[in-house]
Amino acid sequence: MEKVLEVKHLKKYFPIKGLFSTKGFVKAVDDISFDIYRGETFGLVGESGCGKTTTGRAILCLIEPSAGEILFKGKDVVKLKGNELKWFRRKAQIMFQDPYSSLNPRQTVFQIIMEPVRFHGIEVDNPEEFVINLLESVGLNESHLYRYPHEFSGGQRQRISLARILALKPEFIVLDEPTSALDVSVQANILNILKDLQKEYGFAYLFISHDLAVVKYMSHRMGVMYLGKLVELGSSESIFENPLHPYTQMLLSSIPVPNPEIAKELKAKRKIVKGEPPSPINPPSGCRFHPRCPYVKDICREKEPPMIEVEKNHYVACWLYAKY
Ligand code: SF4
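Fair warning: this is a prediction, and the values are worked out from it, not measured in the lab.

Cut-offs used in this document
Within any chain, residue numbers begin from 1 and follow the written order of that chain's sequence. Only residues with pLDDT of 70 or above have their local features reported here, since the model is predicted, and side-chain atom pairs are shown and tallied only from 80 upward, although totals for entire chains, interfaces and linings are computed over all residues. Should DSSP find at least two bridges between two strands, the strands are regarded as paired. Only DSSP runs of H or I covering at least 4 residues are called helices, and only runs of E covering at least 2 are called strands; the numbering of each starts at the N terminus. Every axis in this analysis is a line fitted to C-alpha atoms, fitted for helices over the stretch in contact. Angles between the N-to-C directions lie between 0 and 180 degrees. Working rule for contacts: place C-beta from the backbone, and if it is within 6 Å of a molecule or strand, that residue counts as near it. Following the grouping adopted for this structure description, the nonpolar residues are Ala, Val, Leu, Ile, Met, Phe, Trp, Tyr, Cys and Pro, the charged ones are Asp, Glu, Lys and Arg, and the polar ones are all others, Gly among them. Burial is judged by counting other C-beta atoms within 10 Å of a residue's own C-beta: 20 or more means buried, 12 or fewer means exposed, and anything between counts as partly exposed, with every C-beta placed from the backbone. Throughout, a residue-residue contact means that the two C-beta atoms, derived from backbone geometry, are no farther apart than 7 Å.

Trainee: Give a description of the pairing of strand β1 (residues 3-17) that names residues and reports values.
Mentor: Relative to strand β2 (residues 22-37), β1 runs antiparallel, the two being bridged by twelve bridges. The residue bridging Tyr13 from the neighbouring strand is Lys27, located in β2. Between β1 and β2, which pair antiparallel and follow one another directly, the connecting turn spans four residues. Pairing geometry for β1 and strand β4 (residues 67-72), over five bridges, is antiparallel. Across the sheet, residue Glu6 finds its bridge partner in β4, namely Leu71.

Structural data, given as C-alpha cells:
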C-alpha cells in the first residue's frame, strides 16, 4: 500500500506570552508519530483539548509545527516552497466542522467551487458542466448552481464544501469533526458520501472526532490521544474489541448503548473517566494519565511509558504492558 502521509515525532507548542518574556508553553501536541496510506481512513480520537485538531492543522501547515517531520508522498511539507508548496496545498485539503462559516456568503455555489480551481490554474473545458458533475457526485444538482450559501441547510453546505475540495483532485483530506454540527440522519448521509468517494478515488482521510461510534464506522485504523500524546494506535477493530490503554477502556465504556436492557447490564461494568484532563501547560510527570488512572503504579509517576507493540500492529503506551 502506498504511504501518503508520515508524521514523525510531531510537536506543536504554543508560547504563553508574559509582559516581557515567554512564560511557558502549552504543549498541545507532544511527540506523536503515525502513517496514513492511500485509500485509508485514520481516526484520531480523544477529549476536547487533547491535541487532535492541532495535529490536523499542523500536518497541513496551517500552523507551523514546533518540531518533527511531516512527509507527504515522501516530501517534507515544512520545507516546501513555491510550486511544490502550491502542489501540496492542492493535494492536501481540509473539511471543517462548521458548515456555516466555511463558505463565502457573497458567492454563488458556482463561484465558491471555481475560485480554488482558478487559483490553482486547473484547466477546465466547460466550467458549468464541471461544477454540475461535482455537485452530482455529492448528491446536489444543477438547480443549486447559482444559489447562495444561506439558501442551504447545514448538510447541503457540507456537500458544497466537499464538492469544492473534490474540484482540486486531492489525495489526502483532513476531516475535522465534519458532521458534529449536523443532525444524526444528515450525518449518516455525509459519512456515506465520504466513504463512497474514498472507494472511487482512493483518498486518504485523517478523521478527527470525539464521537467514537462515528470513528468506528469510518476508520480503518485509529489513534487515541490524551493531553498531546498518542496513547494507543491500531486497527479500529482491534482497539474496539480489545482496548489496552486504561484511558481508551474508559472512553469506550462511555459510548451510549441504545438498548436499555444492555445499558443496565453494562452500567455495573462501566469505567468512568474521572475528573478533568490536567493542564497541558504543566502536564503531569511520567504518564500524563496517571492522576486519573485506577491502575497507577510508582513508575507511572516517574517515567513516561514507551509505545510498544502488544499485538500485531496494535501499540500502546502504558506501564501495564512494558518492562521496567
Ligand atoms: Fe495508568 Fe500507569 Fe498505564 Fe499510565 S502508565 S495508563 S498511569 S497504568
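Next comes the rest of the write-up.
Trainee: Residues and numbers for the sheet that holds strand β8 (residues 204-208), please.
Mentor: Remark on secondary structure: sheet strands pair via backbone hydrogen bonds, oriented parallel or antiparallel. Sheet architecture is open: eight strands sit in the order β6-β7-β8-β3-β9-β10-β12-β11, paired in mixed fashion. Two strands lie at the open edges of the sheet, namely β6 (92-95) and β11 (307-311), each paired on one side alone. Neighbour to neighbour, the strand axes of the sheet diverge by 20 degrees on average, direction disregarded.

Trainee: Lay out the site of the ligand in plain terms, naming residues and giving numbers.
Mentor: As a structural note, the neighbourhood of the ligand is formed by 14 residues, with Cys287, His290, Cys293, Cys300 and Cys318 the closest of them. Here the shell around the ligand is composed, by residue class, of eleven nonpolar, two polar and one charged.

Trainee: So what about helix α3 (residues 109-119)? Which residues, and what values?
Mentor: The α-helix winds at 3.6 residues per turn, so residues separated by three or four positions along the chain end up facing the same way. Listed in full, the buried residues belonging to α3 are Val109, Ile112, Ile113, Met114 and Val117. Turning to α3, the residues buried within the fold contact α4 (127-137) and α5 (154-166). After α3 finishes, the residue Gly121 shows a positive phi value of roughly 65 degrees.

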